[in-house]
Amino acid sequence: MAFARTCSVALVGVDGVIVEVQADLEPGVAAFTLVGLPDKALSEARDRVRAAVVNSGEAWPQRKLTVGLSPASVPKSGSGFDLAVACAVLAAAERLDPSAIADLLLIGELGLDGRVRPVRGVLPSVLAAADAGYERVVVADQTAAEAELVPGVSVIGVRSLRQLIAVLSGAPEPEEPPDRLVGRPDPLMAGLMLPSAGVRGLPDEAAARMDLADVAGQYEARRALEIAAAGGHHLYLKGPPGAGKTMLAERLPALLPRLTQKEALEVTAVHSVAGLLPAGRPLIDHAPYCSPHHSTTMPAIVGGGSGLPRPGAVSLAHRGVLFLDEAPEFPVRVLDALRQPLEAGEVVIARSAGSLRLPARFLLCLAANPCPCGRHSRRGEGCECTPAMVSRYQGRLSGPLLDRVDLQVQVAPVTRAELMQRDTSAETTKVVAARVLAARERAAARLAGTPWRTNAEVPGHELRTRWQLAPGALNDAARQLERGLLTARGLDRVLRVAWTVADLAGRDRPEQRDIRTALVLRTGVEQGLPLTEQFFRSPNLTADRPDRPDRPDSPAWSDDRAEDRAGDRSGDGPDEPPEERPDARAGHRPTRPRSARRPPDPAPTEKPEESGT
C-alpha cells in the first residue's frame, strides 16, 4: 500500500479552511474514487487530473486509487484542489518524495494539457495558510503577485504541472514560455474574472476625471458629502431629476482616504473571492464603489447563490461606497435587508449547505426623487402625482431604514445662473479630500486604543460617557428626543455627526452649533436653506442657553418647560392647565372635560356645484 498527503484550502465565504488531501493506492481494479463532500466541479477533477498527468509525460498508476479530502464535513467546491490531488497521486505512486509535499500547500486548477490555471480567492487562501503556520505555497504564476501580499509566506509560482514536478524532484526546470497574445486576453485567466456587477475597485480613467467642482451649485449637498466622507456617515440625497444627485455620489469615493494595509487586504480578499480582482493589479488600495441597478435581487445585494453563498454588493462595497440610485425603485425586501449590515458592519448568511459571515462596513448613499414624476415640492408646481401616489412612493423607504441614515439632504433644482455661469469658488475634490483626511486623522488620534476608526463606528453609549460635549451642547437634541421627533438611535447618530463636524472645524469637542448642524442634516428641518449661523437663529430653533445643564431631567429643564407652557397659554386660545397639556413623550393628548375643550372651527361655506343641465 502506498500513501501520500499534502494540503490545500477550501473557502467558506472569505474565510479559508485548511484541507488535507490524501491519496491511497491499493492493488485491485484500476479506479479513481474522490471522497470528502466535493461538489460537481471538484468531482470532475478526476478526469482533469488524469489527463494533465498523462500529458505532462508521467505514467498514471493502474491500481485502485482513493483520494480523500479531510475534514470530510466541510463542503469543498471549485477546481482549486486539482494541483494538490495530482501531487498527492504522484507521491503515492513514488514519482515524488512524499516528504517534499507534506508541508506544502497547493492551490490551482489543471488544464487537460497540464498547464496550471489561476483560481479565485488566492489571497484569503494564503492568509488562511499563513495563520495555520504554512511557510510555502504553490499557486499559478498569474496569481503569484496576489499571494505575495501575505507576509511571511514563500510563494512558488508555476505555469505547468511538469514545471512543478521538476521543482519538487530537484530536476532542471523545463522552460514554459508564456503565450504570446497580441490584442487578446490570456486564456488562462478565463473564468477568473467575472463581470464587474457595478463595482469599481480601482480608480479608472473615467473616475479620475470626475471632480467635485464639476457639480453646479448644491452647496448644502457638497457640505453633507464632505461630512459623510469625513465620518463614514450614511447619506440620503432627495431631489428632482437633474439636480446632481448621481454626480455627487460618483464623486464621493474620491473624497475617502486611501485604504490602510489591513483594509486593503480585507477588500482585496472579498474581490478575489468574487472574481473581480483585475489582472496585474493584485491589491485594491482605494475605496471601492458599487452601484447596482434597481432590478438587482436580494442575493446579489446581500450575498447568496446556489450552494455556499458568495459576496454580494454590501460586501463588495466593504470600506467603500454603496450607491443605490433611484432607491424607491428597489424592492422593499431588498432595502430592508440592509438594516442589519448598516448596524453590525457585517452580514451573516445561512443556507442549507452552511452559513458564513461576510464583511460589510460600507458607506451607504441613497438617491431618490420626491415622487414618481419627480416634480413634487411644497408648492406643488408641475407635479402630476396624486397625494396617494406621492405617499406610496416615499413610503418605499421604510422608517427603520431611514432612521439608520445619518444625513438626509434635500437637493434643490439647479438655477439658470448656477448652470450657465462658471463658479470659480467651487472647491475641487483635492481640496475637500485634504480636509477629510485631516478630520479623519483627528478622529483617529482621539479613538487611538479603541477598535473604532471613524465616528460612525463608535457606539452611542461610548460617545455619551467617554467623551464629554461642551456645556449645553445637547439641549436642542434632548428637546427633540422629548418631543418624539428623534429616536434614541437618532440621538446617537446626531452625536456622531456632531463629532465629525467638530473634527472638520478643528474643535476638540462639539459645541451647540455642531449639534444643531447635525440636527438639520438629520431631520431635514428648513430643507433647502444654507447651513449658516443665520439659519441657526431661525425661530424654529431655541436660542443659545449656555447656562442650562445637559440633563433634561434637571430643574432648569423643568423651569424651561414651564416657561414654554406659560408662553403658549398667553396666546389667544383658552387657558390650559399644565397637567392637561399634550404629553410629547407619550405621543397622545389626554382626555379633558367637554367644557374645557376648544370649540371646533366652523366649517367653511362652500358654493354648491352647478348642475350640468
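Shown above is the structure to which this text applies.
Here goes a summary of the coordinates provided. Each residue is numbered by its place in its chain's sequence as written, counting from 1. Totals for whole chains, interfaces and linings use every residue, but because this is a predicted model, local features are given only for residues with pLDDT of at least 70 and side-chain atom pairs only at 80 or more, for both listing and counting. Side-chain numbers here rest on the full set of heavy atoms in the structure, without hydrogens or water.

**Observations regarding the pairing of strand β8 (residues 136–140)**
Inference 1: When you tally the buried positions in β8, you get four out of five residues, the bulk of the element.
Inference 2: At least two DSSP bridges between two strands are needed for those strands to be called paired. Here a strand is any run of E in DSSP of at least two residues, a helix any run of H or I of at least four, and the numbering for each starts at the N terminus. By the bridge criterion, two bridges tie strand β5 (residues 105–106) to β8 in an arrangement that is parallel. The residue bridging Leu105 from the neighbouring strand is Val137, located in β8.
Inference 3: The pairing of β8 with strand β9 (residues 154–158) spans five bridges and is parallel. For Val139, the partnering residue across the bridge sits in β9 and is Gly157. When a residue's accessible area, from a 1.4 Å probe over protein chains only, is under 20% of the maximum for its type it is buried; when over 50% it is exposed; and in between it is partly exposed.

**Observations regarding the pattern of salt bridges**
Inference 1: One speaks of a salt bridge when a side-chain nitrogen belonging to Lys or Arg is within 4 Å of a carboxyl oxygen belonging to Asp or Glu. Across all of its chains, the model carries 29 salt bridges by this definition.
Inference 2: Ionic pairing is found between Arg48 and Asp82, a salt bridge with its closest N-O pair at 2.7 Å. Taken together, the residues span a long stretch of sequence, with Arg48 in helix α2 (residues 45–55) and Asp82 in helix α3 (residues 82–92) at a distance of 34 residues.
Inference 3: By relative accessible area, which is 14% here, Arg48 ends up buried.
Inference 4: On the basis of relative accessible area, Asp82 is assigned to the buried category, the value being 0%.
Inference 5: Counted as one network, the salt bridges with shared partners bring together Glu343, Asp403, Arg404, Asp406, Arg489, Arg493 and Arg522.

**Regarding the nonpolar core**
Inference 1: Residues belong to one nonpolar core when they are buried, are Ala, Val, Leu, Ile, Met, Phe, Trp, Tyr or Cys, and are joined through side-chain atoms within 4.5 Å. Counting 54 residues, the largest nonpolar core has Leu235 and Ile515 as the members making the most contacts within it.
Inference 2: Ranked by residues supplied to this core, first place goes to helix α22 (residues 488–505) with eight residues.
Inference 3: If sequence neighbours within four positions are ignored, Ile515 has contacts with Leu469, Ala473, Leu474, Ala477, Val494, Leu495 and Ala498. The contact rule is simple, with two residues in contact once any of their heavy atoms fall within 4.5 Å.

**Details of helix α11 (residues 261–274)**
Inference 1: Helix span, expected: 1.5 Å multiplied by one less than the number of residues in the helix. In this model α11 runs 20 Å from its N-terminal to its C-terminal C-alpha over 14 residues, within 8% of the 20 Å that 1.5 Å per residue would give.
Inference 2: Where burial is concerned, most of α11 is hidden: 11 out of the 14 residues are buried.
Inference 3: Listed as buried for α11 are Glu263, Ala264, Leu265, Val267, Thr268, Ala269, Val270, His271, Ser272, Val273 and Ala274.
Inference 4: One or two steps after α11, the chain reaches Gly275, where phi turns positive at roughly 75 degrees.

**Remarks on the packing of aromatic side chains**
Any two aromatic rings considered together are summarised by their centre-to-centre distance and by the angle between their planes.
Inference 1: Pairing of aromatic side chains here covers Phe, Tyr and the six-membered ring of Trp, requires ring centres within 6.5 Å, and sorts the geometry by plane angle: under 30 degrees stacked, over 60 edge-to-face, intermediate tilted. One pass over the structure, following the stated rule, counts two aromatic pairs.
Inference 2: Their ring planes at 45 degrees and their centres at 5.6 Å tell us that Phe32 and Trp60 sit as a pair that is tilted. In this pair, Phe32 sits in strand β3 (residues 31–35) while Trp60 sits in the loop between α2 and β4 (64–70), placing the two residues 28 residues apart along the sequence. Here the two residues Phe32 and Trp60 agree in accessibility, since each one is buried.
Inference 3: Both rings, one in Tyr289 and one in Phe323, keep their centres 6.5 Å apart while their planes meet at 25 degrees; by these two values the pair is stacked. Note that Tyr289 is positioned in strand β12 (residues 289–290) and Phe323 in strand β15 (residues 321–324), a separation of 34 residues in sequence.
Inference 4: A relative accessible area of 6% places Tyr289 in the buried class.
Inference 5: Its relative accessible area of 1% is what places Phe323 among the buried residues.

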